[in-house]
Amino acid sequence: MSIGIEALGEFGMLQIIGILFAVFALSRAVLRYKDHSIKTNELVFWTVIWGGVICVAIFPSIFVTLSKFLGIGRGVDTLIYTGMIILFYLLFRMYVKVEAQQREMTKLVREIAIQNPVQKKQK
Amino acid sequence: MQQKEKKEQQNDSIWIVIAGYNEEKRIGTVILDLKKNNYHNIVVVDDGSKDRTSESAADAGAIVLRHVINRGQGAALKTGMDFAVKNNAEIIVTFDADGQHHAEEIPRLTSPIINGEVDACLGSRFLDTSSNVSWHRKVVLKGGAWIIWLFYGIRLTDSHNGFRAIKKEAVQKLEFKADRMEHASEIVEQIGKQNVRYKEIPVTITYTDYSVQKGQSSLAAFGILWNMIKSKVLK
């Protein structure tokens, strides 16, 4: 049994690591859902992502088929492209969130300032 | 005598809003100069300065509002304007903290509003030749004015001039979102959108070594442009 991408046909070390990691990540998402720190739609999103990773790890041939369908040369390339798209999406979401948070912070700072004016008595 | 009283009364409804970030050296002089010109309602918004800006401003007799952390000039001016409106200001004048603007020129900006001619006056350093503007700054500011025209359809001779006077009713109409330097363009955008009657007035900007060192570099314009595009796209 060889290790690495070449072993996609068999059950390689990489696949086992992939599955273990995805299961771990999925359990984290479920735990965070349970303590209400993420919403249902976020749980669904992460379940789809990590479920997808598990599927691909068990049946790597999915990617070969998908690559042929999309006209991309190799399965690994499709994997990288998909990963990049997901990462960009997450980055964008994070960006929007940070901007919103900045605005909230400004609102708070301004409110505190307006409520506490300082004026010295002039001699 | 009566005229003087009337003038004083008018000045009481005029509020000067100054945003200051690390301006302890100059802010006192600027406030005293405003007071000498009979403006008594002066709000300084200390935008999270690391020096004694708040203390200097309060010592000079201004009302000080303090941003706990730095949020940018736009946010600071907005805080000051809100406070002034809450305290029954009729006209709000925005003024720079570094001594670039001249308190004697405030009536130039306020009288067209008092006369009911317009609702906002925007200072322009290019309507006469009294400002000592360097060539690269001129290119950037003129380019900025051109971009404002392209973005918002308003023709100005100057961009990013912090010397303005706006009527209370107009201030209440404006919706500000930008926290950082692009707020200057945003004010112009909002003036256009809300159909505020405005006019450009020649003002003198005196660049001193201090104000140049404290102020924005001409290169900062690219950052402002980027933020303008961003807010246009993400809106």
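Shown above is the structure to which this text applies.
Report follows, based on the coordinates. (Residues numbered from 1 in each chain as written. Chains lettered and ligands numbered in written order. Predicted model: local features only at pLDDT ≥ 70, side-chain atom pairs only at ≥ 80, totals over all residues. Heavy atoms only, no water.)

**What about the overall build of chain B?**
Stage number 1. For chain B, the helix and strand inventory stands at 10 helices and 7 strands.
Stage number 2. With 235 residues in all, chain B has 53% of them scored as buried.
Stage number 3. A separation threshold of at least 6 residues defines the contact pool for chain B, and within that pool the share at least 24 residues apart is 74%.
Stage number 4. Approximately 10,900 Å² of chain B is accessible, and the part contributed by carbon and sulfur atoms is 53%. (Helix = DSSP H or I, 4+ residues; strand = E, 2+ residues; numbered from the N terminus. Buried < 20%, exposed > 50% of the residue type's maximum accessible area, 1.4 Å probe, protein only. Contact = heavy atoms within 4.5 Å. Areas by Shrake-Rupley, 256 points an atom, 1.4 Å probe, with all protein chains shown as cover.)

**Focus: the pattern of salt bridges**
Should the charged atoms of two oppositely charged side chains come close, the side chains can pair.
Stage number 1. One pass over the full model with this rule turns up 11 salt bridges over all chains.
Stage number 2. The shortest N-O distance in the salt bridge between Lys 97 of chain A and Glu 42 of chain A comes to 3.9 Å. A residue pair is termed long-range when its members are at least 10 positions apart, and Lys 97 of chain A in helix α4 (residues 75–115) and Glu 42 of chain A in helix α2 (residues 40–58) qualify at 55 residues.
Stage number 3. Its relative accessible area of 14% is what places Glu 42 of chain A among the buried residues.
Stage number 4. Here Glu 90 of chain B makes a salt bridge to Lys 168 of chain B, at a shortest N to O gap of 3.7 Å. (Salt bridge = Lys/Arg side-chain N within 4 Å of Asp/Glu carboxyl O.)

**What to know about the pairing of strand β2 (residues 42–47) of chain B**
Residues and elements named next belong to chain B.
Stage number 1. Within β2, 6 of the 6 residues are buried, which leaves the element mostly enclosed by the surrounding structure.
Stage number 2. Of the two faces of β2, the one carrying Ile 42, Val 44 and Asp 46 and the one carrying Val 43, Val 45 and Asp 47 are both buried.
Stage number 3. Looking at chain direction, strand β1 (residues 14–20) and β2 are connected through 5 bridges and run parallel. Within β2, the residue paired with Gly 20 across the bridge is Asp 46.
Stage number 4. Once the chain exits β1 it traverses helix α2 (residues 24–36) before rejoining the sheet at β2, and the crossover so formed is right-handed.
Stage number 5. Relative to strand β3 (residues 63–67), β2 runs parallel, the two being bridged by 5 bridges. Bridge assignment links Val 44 to a residue of β3, and that residue is Val 64.
Stage number 6. In the classification by handedness, the crossover that spans β2, the intervening helix α3 (residues 53–59) and the parallel β3 is right-handed. (Pairing = 2+ DSSP bridges. Right-handed = clockwise from strand over helix to strand, strands pointing away.)

**Focus: the sheet that holds strand β4 (residues 91–96) of chain B**
Residues and elements named next belong to chain B.
Stage number 1. Read from one edge to the other, the open sheet built from 7 strands follows the order β3-β2-β1-β4-β6-β5-β7, with strand pairing classed as mixed. Because the sheet does not close on itself, it has two edges, and the strands there are β3 and β7 (198–202). Between one strand and the next, the sheet's axes are offset by a mean angle of 20°, whatever the strand orientation. (Axes fitted to C-alpha atoms, helices over the stretch in contact; angles between N-to-C directions.)

**As for the pairing of strand β6 (residues 164–167) of chain B**
Residue and element names in this part refer to chain B.
Stage number 1. In the sheet, β4 pairs with β6 via 4 bridges, with the strands oriented antiparallel. By the bridge assignment, Val 93 is partnered in β6 with Ala 165.
Stage number 2. Sheet topology note: the strand β5 (residues 120–124)/β6 ladder contains 3 bridges and is antiparallel. Across the sheet, the residue bridging to Leu 122 is Arg 164, located in β6.

Note that all results are geometric; they support no functional claim without further evidence.
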